[in-house]
Amino acid sequence: MAPYTDGTASSNSEANEDQGVKPSGIRVIIVGAGFAGLTAAIECTRKGHSCLVLESYKTTNAQLGDIISFGSNSSRIFQRWPGINEKLTPICHTSKCLKYKTWDGEDIYTQWWGTEEENFGKRYNGHRGEIHSIIFDHAVSQGVEIRLGQQVTEYFENEHEAGVVSNGERIVGDVVLGADGVRSKARQLVLGYDDKPKPSGYAIYRAWLSSEDLAKNALTKDLVIHGDTHTGWLGPDIHFLAASIKNGKEFSWVFTHKDTRDVDEGWSEPGDVDDACRILEGWDPAVHAMVRMTPPEKLVDWKLVYRDPLPTWISPKARTALIGDAAHPFLPTSIQGASQAMEDGACLAVCLELAGKDHVDDALRAFEKIRYDRVRRIQKTGETTRDQWHKADFDNLKKNPEAIKLKREEWVLNHDAESHAYKVYPEVISSLRG
Ligand SMILES: Cc1cc2nc3c(=O)[nH]c(=O)nc-3n(C[C@H](O)[C@H](O)[C@H](O)COP(=O)(O)OP(=O)(O)OC[C@H]3O[C@@H](n4cnc5c(N)ncnc54)[C@H](O)[C@@H]3O)c2cc1C
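Everything numeric in this text was worked out from a predicted model, so none of it was measured.

Caption draft 1: Inspection of the overall build of the chain at higher detail. Of the regular secondary structure elements, the chain holds 14 helices and 18 strands. Taking 2.2 N^0.38 as the reference for a compact globule, 434 residues should give roughly 22 Å; the C-alpha atoms of the chain span a radius of gyration of 22 Å, in line with that estimate. Its C-alpha atoms give the chain principal-axis dimensions of roughly 65 × 45 × 40 Å. Of all 434 residues assigned to the chain, the portion counted as buried reaches 57%. Entry remark: accessible area of the chain is about 18,600 Å², with carbon and sulfur atoms responsible for 49%. When the 52 basic and 64 acidic side-chain charges of the chain are each reduced to a single mean position, those positions are 2 Å apart.

This is how it looks when you write it as structure tokens:
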């Protein structure tokens, strides 16, 4: 395996040779070690490509973030990685249903996760930082080289290679994956212009805390003392979701509300308990109790930015691809942002394998063609679910409670990104070659 031109030979090709995976000779540079970047690195390693991940954070930040969801379509990817299910299961949420209430606390409907849901497969909902640490350690254990404290400032490419400048150092590979999140710099190379985010008109207050105080309060104890529970309160233009995790020991709540501030004011700020309670005026006292019991330092006000769908995710010479939030940010109501970031990595690794080192450009074009329409369709579900909840016919909810049920769709949840890519790649390539 040829070294990257900074002289640092990547180690994972050797690790993989030991495990019997034939090296492909493809050198992949991945910018960003979020779930998109880590999944791409692990999946590329499984296929014999050599990966170098560059991440600006100086540590793995196990404490950062709160609840994150992986549907069965991405859990399927996790389950192919040895030991991961065993590590994720004890830290993830396990309730059997989602209970819906009106904003003032009346029960409306219970959506049970029965056989149909089990048939889709397992899903993992848990603390973003904790899950991220497990996946980060797994990538390292598979021989992926991850360099922390790296600020990538430039992207470049020609017909034969692609690379980045990171902390002033020029690093060259065969392909670059911009997995650098919602504020992606890689997007500029791909699009040729700076794509500005737009306010979505909404923000989320979010918190993760110990359940200790909630268990002592008459208004909230039922949410935590019977193990894991999941409850949603719905009202005009606001939805509030609360979940207990780790057999009720820890607790997470989030609520989406209208927000008209400009996105330049900052996307994620410390939240203010009094402001949050003001927005929830007239809502169930249990909801107010949860917010009031949240230590101020645990409350975050997270702005939801929106971007128009990008016309393309790949650079002019098809040596750099955007993946994850860099290519397609999701509204949380899609419950698919992290899953789609993972599907990107699984699909790309297969496309690179099938195209081979001399046809990396084909691989990237096929990746985009395979993923684009599916991602766009799933992105739209974020808006439809939000509107289904925020603009429900609240006067008649009792007559038609099923109208607020979360849609669980087979085409989303039964998808297997790896086997799908193997199946459709030959056809996609021949259609691209016309
Ligand atoms: C710290 C953090 C906390 C989050 N918390 C939550 C949460 O609680 N719940 C939830 O649903 N979603 C959360 N998200 C978002 C969620 O992880 C993503 O929406 C989703 O998983 C898609 O992942 P991604 O890898 O595409 O993007 P991200 O997870 O945003 O990862 C992008 C990575 O790229 C790195 N990066 C960016 N620019 C550069 C650069 N120039 N050079 C090198 N590295 C760079 C970033 O530091 C980051 O680690 C969080 C993201 C982050 C970064």
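Next, the rest of the story.
Caption draft 2: Up close: the site of the ligand. Around the ligand sit 27 residues in total, of which Glu-55, Asp-66, Ile-67, Arg-128 and Asp-325 are the nearest. Between Phe-35 and the ligand, the recorded distance is 3.2 Å, taken from a backbone N or O atom to an oxygen atom. Val-152 is positioned with one of its backbone polar atoms (N or O) 3.0 Å from a nitrogen atom of the ligand. When the ligand is considered free in solution it has 920 Å² of accessible area, and contact with the protein chains removes 84% of it. Mapped by element, the contributors of at least two residues to the shell around the ligand are α2 (35-46), β3 (67-70) and α11 (337-355). Per-class residue counts for the shell around the ligand are 13 nonpolar, eight polar and six charged.

Caption draft 3: Broad picture of helix α6 (residues 128-141). Helix length check: α6, at 14 residues, gives a terminal C-alpha distance of 20 Å against a target of 20 Å (1.5 Å per residue), a fit within 8%. Where α6 is concerned, the buried positions are Gly-129, Ile-131, His-132, Ser-133, Ile-134, Ile-135, Phe-136, His-138 and Ala-139. Just past α6, the residue Gly-143 takes up positive phi, approximately 95 degrees.

Caption draft 4: Examining the sheet that holds strand β9 (residues 162-166) more closely. Reading across from one edge, β8-β9-β10 is the order of the three strands in this open sheet, with antiparallel pairing throughout. Looking at the sheet topology across the chains shown, the edges are occupied by β8 (152-157) and β10 (169-173). Across the sheet, the mean angle separating the axes of adjacent strands is 20 degrees when strand polarity is ignored. With five bridges joining them, β9 and β10 adopt antiparallel strand pairing. Its bridge partner lying in β10, Ser-166 is registered against Glu-169.

Caption draft 5: Main features of the state of the cysteines. Across all of its chains, the model carries zero disulfides by this definition. Cys-347 carries a free sulfur, and the closest cysteine sulfur to it, the one in Cys-351, is 4.0 Å from it. Residue classification places Cys-347 among the buried residues on the basis of a relative accessible area of 1%.

Caption draft 6: Structural context of the nonpolar core. Formed by 84 residues in total, the largest nonpolar core has its most connected members in Phe-78, Ile-131, Ile-135 and Leu-352. The biggest single contributor to this core is α11, with 11 residues. When sequence neighbours within four positions are dropped, the list of residues in contact with Leu-352 reads Ile-26, Val-28, Cys-44, His-49, Val-175, Val-360, Ala-363 and Leu-364.

Caption draft 7: Examining the domain arrangement of the chain more closely. Taken domain by domain, the chain consists of domain 1 (12-64 + 127-195 + 308-432) and domain 2 (199-306). Computed over C-alpha atoms only, the centres of domain 1 and domain 2 are separated by 29 Å. Between domain 1 and domain 2, a total of about 1,500 Å² is buried, with carbon and sulfur atoms accounting for 68% of that surface. A salt bridge links Lys-246 to Glu-130; the shortest N-O distance between them is 2.9 Å. At the boundary of domain 1 with domain 2, the tally comes to four residue pairs in polar contact (both at pLDDT 80 or more). With five residues, helix α12 (residues 360-390) is the largest single contributor of residues to the side of domain 1 that touches domain 2.

Caption draft 8: Quick look at empty space enclosed by the protein. Throughout the structure, instances matching the rule amount to four cavities of 30 Å³ or more. Taken as a whole, the largest cavity spans an internal volume of roughly 100 Å³. Taken together, Val-305, Tyr-306, Arg-307, Pro-329, Phe-330, Leu-331, Arg-376, Gln-379, Lys-380 and Glu-383 make up the lining of the largest cavity. Of all the secondary structure elements, the ones that give two or more residues to the lining of the largest cavity are β17 (299-306) and α12. Broken down by element, the residue count for the lining of the largest cavity peaks at four residues, all from α12. Tallied by class, residues from the lining of the largest cavity come to five nonpolar, one polar and four charged. Taken as a whole, the second largest cavity encloses approximately 50 Å³ of empty space.

Caption draft 9: Here's a closer look at the packing of aromatic side chains. In the structure shown here, the tally under the stated rule is 13 aromatic pairs. On the numbers, 5.8 Å between centres and 85 degrees between planes, the contact of Trp-233 with Phe-240 is edge-to-face. Here Trp-233 and Phe-240 have matching classes, each one buried. Every member of this aromatic cluster is reached through a ring pair, and the members are Phe-35, Phe-70, Phe-78, Trp-81 and Tyr-124. For the cation-ring pair, Arg-123 lies above Trp-113, with the distance from its terminal atom to the ring centre recorded as 4.5 Å. Note that Arg-170 overlies the ring of Phe-156, its terminal NZ or CZ placed 3.9 Å from the centroid.

Rules behind the numbers
- Residues numbered from 1 in each chain as written.
- Predicted model: local features only at pLDDT ≥ 70, side-chain atom pairs only at ≥ 80, totals over all residues.
- Heavy atoms only, no water.
- Helix = DSSP H or I, 4+ residues; strand = E, 2+ residues; numbered from the N terminus.
- Rg over C-alpha atoms; globule rule 2.2 N^0.38 Å.
- Buried < 20%, exposed > 50% of the residue type's maximum accessible area, 1.4 Å probe, protein only.
- Areas by Shrake-Rupley, 256 points an atom, 1.4 Å probe, with all protein chains shown as cover.
- Lys, Arg positive; Asp, Glu negative; His and termini not counted.
- Charge placed at Lys NZ, Arg CZ, Asp CG, Glu CD.
- Near = heavy atom within 4 Å.
- Polar contact = N/O pair within 3.5 Å; in protein donor to acceptor, adjacent residues only side chain to side chain.
- Nonpolar A, V, L, I, M, F, W, Y, C, P; charged D, E, K, R; others polar.
- Expected span 1.5 Å × (residues − 1).
- Pairing = 2+ DSSP bridges.
- Axes fitted to C-alpha atoms, helices over the stretch in contact; angles between N-to-C directions.
- Disulfide = S-S within 2.5 Å.
- Core = buried A, V, L, I, M, F, W, Y, C linked by side-chain atoms within 4.5 Å.
- Contact = heavy atoms within 4.5 Å.
- Domains from an automatic or database assignment.
- Buried area = accessible area lost by both parts, 1.4 Å probe.
- Salt bridge = Lys/Arg side-chain N within 4 Å of Asp/Glu carboxyl O.
- 1 Å grid on protein atoms, 1.4 Å probe; cavity = no way out; pocket = protein on both sides within 12 Å on 5 of 7 lines; lining within 4 Å.
- Points joined across faces, edges and corners; volume = space filled by probe spheres on them.
- Phe/Tyr/Trp six-rings, centres within 6.5 Å; stacked < 30°, edge-to-face > 60°.
- Lys NZ or Arg CZ within 6 Å of the ring centre and 35° of its normal.

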